[in-house]
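Descriptive structure summary
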Amino acid sequence: VVHRSPPEGGEADSLAPMPTATPADDAKTFHPCVPVDWLWMPRPLRLCVGWVTIVLFTMCFAILPVSMLASVVIIVRLGLLGSLSYVLPLWVVLFVLSRLGTRERPEFRKFAQLWYEIFDFGCNLSPEETVALGSQAYPHTKQSMIIAMHPHGIIPIHSWLWAAYCDQHMPKVYGFGAVASVVMHMPIIRTLTVWLTCVPASYKHLKRGLEGDCPPANNAGRKPGNLYILAGGIAEVFTSTPGKDIIVYRGRKGLCRLSIEQQAKIIPVYVFGGTGFFHNLLTGENIVSQMFRKMKLAVTMFWGQYLLPIPLPAKVKMAIGEPLEIPEGVSGEEAVEKLHARYLEAMARLFEESKVAAGYPDAKLEIR
């Protein structure tokens, strides 16, 4: 594991070693996830339907940029006034599509079970261990949990896999998710995220959600108490590329602050293969990446199979760590710093202890 410490105004050229834990003596095992709600369907048909749904899902992310490009082409060819009869109806439709969906749809979570076999999806916890972990969280106890997952990836297919997995093994623990605020204005994608009980990833919305104020769940008559979040945010979109394991969390302490303020324990999660779905053109610290990050837009140029937004069949293994204890005997920023350091150490340890069993023995984690 390496820890990259960027100096003021730029990224470091050298890498300093990050403390790592010695792998546990007992062999780690990843348990294959079984699509129990779809076993009635023959496997070849199940795989076919799975590929169709995932292609449709990833194509949804292209609707907005393609519409913007089409609008520009039409305006250039026909002029501003001449193009109104074409462009205006298009954007009215897109606006309407961006406002659909006001409540969660629990049945929608089950669709991602169809993707288990496509991505050889597995978890380091057995179903029994997963249930035991869930028994420690709200509503089984008064203890809220924050499931903090890395990496983000370009299109976070693994977040849908997590939704299906949690709904399958810990349905009562299923809480709410967080997405970039701009996603809540994207046609179709907004509807899908609301169905998965997502809210904007602002501190205000996350705090309210942990207190039970989450409109998608409330509108369905439910009060959530646990949070799921891709903790690296948009910054990790621009580090996502197959064969690289990079998390961006060195300067991010808001989640630790929220954990302490709400007394919600953080559960570190790392998904091996989470960056393997697509190739990425805009990686690193180029000017375009910096511009989109400042605008909080996860916009990049990417491709998968056949140079299309069809994901590569990455081998996806989800490693779930132990809940982190909230620091005692300290308060304020000192507590935040202590929890933040504990989080990075736990993520490094989880990665090192799990990578061989996950099928990525040569993987190296870089923490920025």
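Keep in mind that this is a model prediction, so the values were computed, not measured. Sequence order as written defines the numbering, with residues in each chain counted from 1. A pLDDT threshold of at least 70 governs which residues receive local features in this predicted model, and a stricter bar of 80 or more applies before side-chain atom pairs are shown or counted, although totals over entire chains, interfaces and linings include all residues. Heavy atoms throughout the structure, all of them, feed into the side-chain values; hydrogens and water do not.

Quick word on the packing of aromatic side chains
Centre distance and the angle of the planes are the two values used to describe a pair of aromatic rings. Cut-off, in case you're wondering: Paired rings are identified among Phe, Tyr and Trp, the last through its six-membered ring, by centres lying within 6.5 Å, and are further divided according to the angle between planes into stacked (under 30 degrees), edge-to-face (over 60) and tilted (the rest). In this description a helix means any DSSP run of H or I spanning at least four residues, a strand means any run of E spanning at least two, and both kinds are numbered starting from the N terminus. Exposure is judged per residue with a 1.4 Å probe applied to protein chains only, and the accessible area is read against the type maximum: over 50% gives exposed, under 20% gives buried, and values in between give partly exposed.
Inspection of the entire model under this criterion finds 19 aromatic pairs. Considering the side-chain rings of Y270 and F351, the 5.2 Å spacing of their centres and the 85° angle between planes classify their relative orientation as edge-to-face. Of the two residues, Y270 is situated in strand β10 (residues 265-272) and F351 in helix α10 (residues 332-358); the sequence distance between them amounts to 81 residues. The exposure class assigned to F351 is buried, which follows from its relative accessible area of 0%.

Examining the environment of V93
Of note, V93 is situated in helix α2 (residues 63-97). With 94 residues separating them along the chain, V93 and P187 place their C-alpha atoms 8.8 Å apart.

Side note on the environment of I234
Summarising the element assignment, I234 is placed in the loop between β8 (227-230) and β9 (245-247). Take I234: its relative accessible area is 15%, and that puts it in the buried class. As a C-alpha pair, I234 and I154 span 80 residues in sequence and 8.9 Å in three-dimensional space.

Thoughts on helix α6 (residues 203-210)
Since the α-helix turns once every 3.6 residues, residues separated by three or four places project in the same direction. Quick note on the threshold: Our arc is simply the arc of the directions from the helix axis toward the C-beta atoms. Whether two residues are in contact is decided by their heavy atoms: any pair within 4.5 Å suffices.
Among all positions in α6, only L206, G209 and L210 are buried. For α6, the arc enclosing every buried residue in end-on projection is 95°, short of the 170-degree limit, so these residues lie on one face. Tucked inside the fold, the buried residues of α6 contact β5 (145-150), β6 (176-179), β7 (198-200), β8 and α8 (254-262). Positive phi shows up at G212, right after α6, with a value of about 100°.

Observations concerning a nonpolar patch on the surface
Here is the rule: Only residues whose relative accessible area exceeds 30% and that form no salt bridge enter a patch; like-charged residues are grouped when within 9 Å of one another, and nonpolar side chains (Val, Leu, Ile, Met, Phe, Trp, Tyr) when within 5 Å. Residue-level accessible areas treat just the shown protein chains as cover; the underlying method is Shrake-Rupley with a 1.4 Å probe. Throughout this description, the term salt bridge denotes a Lys or Arg side-chain nitrogen within 4 Å of a carboxyl oxygen of Asp or Glu.
A surface patch of nonpolar side chains, amounting to about 700 Å² of accessible area, comprises L81, L84, L88, V92, F95, V96 and L100. You can see F95 is positioned in helix α2.

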